[in-house]
Amino acid sequence: MTISEVLTKIKDTSARAVVENSLKLAKENEEYHALLSLTAERALKRADGVDSGKISGKLAGVPFVVKDNFLAFGAPTTAASKILENFNAPLQATAVEKLEAEGAICIGKANLDAFAHGGSTENSAFGPTSNAFDKTRVAGGSSGGSAVVTALGVVPFALGSDTGGSIRQPASFNGVVGVKTSYGAVSRYGVVAMASSTDVIGCFATNVSDAEFITEIITGRDKNDMTTLPDFFEVQANSKTNQKIGLVKDFMTNDVDPEVREKVNEYVEKLKSAGHSVEEVSLPMAEYALAIYYIIVPAELCSNLARYDGIRYGRRAEGVTTLAELYGKTRDQGFVTENKRRIMIGSYVLSSGFFDAYYLQAQKARTLLIDEFNKLFETYDILIGPTAPTPAFKLGENTAEPIKMYLNDIMTVPTSLAGLPAISVPAGKNQAGLPIGVQLMGPMKSDAKIFALAKSMENK
Ligand code: GLN
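Residues numbered from 1 in each chain as written. Predicted model: local features only at pLDDT ≥ 70, side-chain atom pairs only at ≥ 80, totals over all residues. Heavy atoms only, no water.

**Student:** What exactly am I supposed to notice about the packing of aromatic side chains here?
**Tutor:** Two aromatic rings are characterised by how far apart their centres lie and by the angle between their planes. Under the counting rule described, the total for this entry stands at 14 aromatic pairs. Residues phenylalanine 173 and phenylalanine 393 carry aromatic rings whose centres are separated by 5.9 Å and whose planes lie at 90° to one another, so their mutual orientation is edge-to-face. Taken together, the residues span a long stretch of sequence, with phenylalanine 173 in helix 6 (residues 168-174) and phenylalanine 393 in the loop between strand 9 (382-386) and helix 13 (402-407) at a distance of 220 residues. The exposure class of phenylalanine 173 is buried, given its relative accessible area of 0%. Seen in terms of ring centroids, tyrosine 293 and tyrosine 294 are 4.7 Å apart; in terms of plane orientation they differ by 75°. Their pairing is edge-to-face. Taking relative accessible area as the criterion, tyrosine 294 reaches 12% and is therefore assigned buried. An aromatic cluster of three or more residues is present, and its members are Phe87, Phe115, Tyr308, Tyr313 and Phe335. (Phe/Tyr/Trp six-rings, centres within 6.5 Å; stacked < 30°, edge-to-face > 60°. Helix = DSSP H or I, 4+ residues; strand = E, 2+ residues; numbered from the N terminus. Buried < 20%, exposed > 50% of the residue type's maximum accessible area, 1.4 Å probe, protein only.)

**Student:** What's the story with empty space enclosed by the protein in this structure? I'm lost.
**Tutor:** One simple way to see leftover space: roll a probe sized like a water molecule over the atoms. Tallying each qualifying case throughout the model produces one cavity of 30 Å³ or more. Here the largest cavity defines a volume of roughly 80 Å³. Together, 15 residues line the largest cavity, and Gly118, Gly164, Ser166, Tyr293 and Asp409 are the ones closest to its centre. Residue composition of the lining of the largest cavity, grouped by class: four nonpolar, nine polar and two charged. (1 Å grid on protein atoms, 1.4 Å probe; cavity = no way out; pocket = protein on both sides within 12 Å on 5 of 7 lines; lining within 4 Å. Points joined across faces, edges and corners; volume = space filled by probe spheres on them. Nonpolar A, V, L, I, M, F, W, Y, C, P; charged D, E, K, R; others polar.)

**Student:** What is the right way to look at helix 1 (residues 3-12) in this model?
**Tutor:** Because an α-helix completes one turn every 3.6 residues, residues spaced three or four positions apart along the sequence face the same direction. Among the residues of helix 1, those classed as buried are Ile3, Val6 and Ile10. In an axial view of helix 1, the angular spread of the buried residues amounts to 60°, which keeps them on one side of the axis. Of the exposed residues in helix 1, those oriented more than 90 degrees away from the buried face are Lys11 and Asp12. Contacts from the buried residues of helix 1 go to helix 2 (15-28), strand 2 (63-67), strand 4 (157-162) and helix 7 (208-218). (Arc of directions from axis to C-beta. Contact = heavy atoms within 4.5 Å.)

**Student:** Please clarify how the site of the ligand should be interpreted in this entry.
**Tutor:** As a structural note, the neighbourhood of the ligand is formed by 14 residues, with Thr163, Gly164, Ser166, Tyr293 and Arg342 the closest of them. Measuring from a nitrogen atom of the ligand, one finds a backbone N or O atom of alanine 116 at 2.9 Å. A distance of 2.6 Å is found between an oxygen atom of the ligand and a side-chain nitrogen or oxygen belonging to tyrosine 293. Coverage of the ligand by the protein amounts to 99% of the 290 Å² it exposes when considered alone. One can see that the ligand is located within the largest cavity. Looking at the shell around the ligand residue by residue, the classes come out as four nonpolar, seven polar and three charged. (Near = heavy atom within 4 Å. Polar contact = N/O pair within 3.5 Å; in protein donor to acceptor, adjacent residues only side chain to side chain. Areas by Shrake-Rupley, 256 points an atom, 1.4 Å probe, with all protein chains shown as cover. Sits in = over half its atoms within 2 Å of the grid points.)

**Student:** Can you help me understand the side chain of asparagine 174 in this one?
**Tutor:** Within the secondary structure, asparagine 174 is located in helix 6. Separated by 3.4 Å, the side chains of asparagine 174 and asparagine 131 make a polar contact. In terms of polar contacts, asparagine 174 uses its side chain to reach the backbone carbonyl oxygen of proline 170, at 2.9 Å.

**Student:** Got a minute to help me understand unusual backbone geometry in this structure?
**Tutor:** Omega for the bond connecting glycine 141 with serine 142 falls within 30 degrees of zero, at 5°, which places this linkage in the cis form. Structurally, serine 142 is set in the loop between strand 3 (105-110) and helix 5 (144-151). Although it is not a glycine, alanine 116 sits at a positive phi angle of roughly 70°. Residue position: alanine 116 is located in the loop between strand 3 and helix 5. Under the relative-accessibility criterion, alanine 116 is labelled buried at 4%. Its identity as a non-glycine residue notwithstanding, asparagine 459 has a phi of 60°, on the positive side. As for its position among the elements, asparagine 459 is in the segment after helix 15 (447-457).

**Student:** Explain the nonpolar core to me, please; I cannot follow it from the model alone.
**Tutor:** Considering soluble globular proteins, one finds that nonpolar side chains tend to be buried as a cluster. Formed by 77 residues in total, the largest nonpolar core has its most connected members in Leu99, Phe157 and Leu159. The leading source of residues in this core is helix 15, at six residues. Formed by 55 residues, the second largest nonpolar core is a distinct cluster that contains Phe115, Leu290, Leu301 and Ala365. (Core = buried A, V, L, I, M, F, W, Y, C linked by side-chain atoms within 4.5 Å.)

Structure (structure tokens):
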């Protein structure tokens, strides 16, 4: 259901009936393991508030789900980790507050790769989430749970975070719209930090207009997050005609699944029929994007994770006698293997002997990548390519080989490193019935423009 259909249903029945139905659907779909907790008590109370007129707004009574790395009331905020298993948020994330201020109702917290480290939701300390279209396949990640509840129709929209593709790739794997906003467009206050220079907040929805509507609500300057940009997001009713669109050929090589390429080409044809011009463009630095990302991101995340030491937050190891043992055991028990791998890589690339060779080099290469994007956007309005090189892979298929897993991020990390907005829209399914997503990427702060184009292409 779309948001407007849900609003109509609330009018015809009640917010309580709609929220109860969402909670029922969440229970019926438990086998997907998309949700780590339900916030039923608080949700029903807020639904009654809507029905009695105490709570109002553009989303009054509309249920939604947040990824469990957002601080929210009504259930613990675990980041799918053991270290925060019983952590109760003292405040709510700004994005959640903004939705609640419009009357939306959070019904539960979605599964993710622990601390958002991953691309399949298999790194959750509480077990993986299954794909909405094939239970033997991954949901994608790290916001896998948010994508799956949206795809299954449990809620009309969900929030996620995207550091290197974590909204776009699961959106693509589950046939929904997924939005990575411009860096700084949405406040990250109250969201568990992964990599501070690429983390962004965004949403999942079943259609472009709904995603745009939610983005409009959650964007904006926040005094609690000094990286937020002055308000810039303004919905465009109509898309510009005759746009110049660049098809990133580095994302369309023979290594990419043929059916994925086919769907992207079909979308390109539709763009052309709609009067836009599409040309192949090249982004040579994309080849280095993964190498850059997997140096800079571990460096930042290992710094961000240093606060989980067993003293200040969450779980503390029992039966220890020294401080070093307390830190060591707590962190050993509280983090999953992938968290530890990244903490080690991050500490290594930041260490005094290697800082210049890795971290500094990666930052320089990142600037070259950003320059390439800027150059392309002097000529092109929007870039297009696949969201991921394959449809959803099998559960367990890539878990033994981290590099293979990381390769799946190849098309999403370049825009993350450059801070650019990008959205994944459904582009049909392969022969096996698995969804495939197309990615539209734009220059900094072009979020509304990308939505306008995507809206104009929907159902074409
Ligand atoms: N899959 C990417 C990674 O593992 C992206 C994660 C994210 O965006 N949170 O880093």
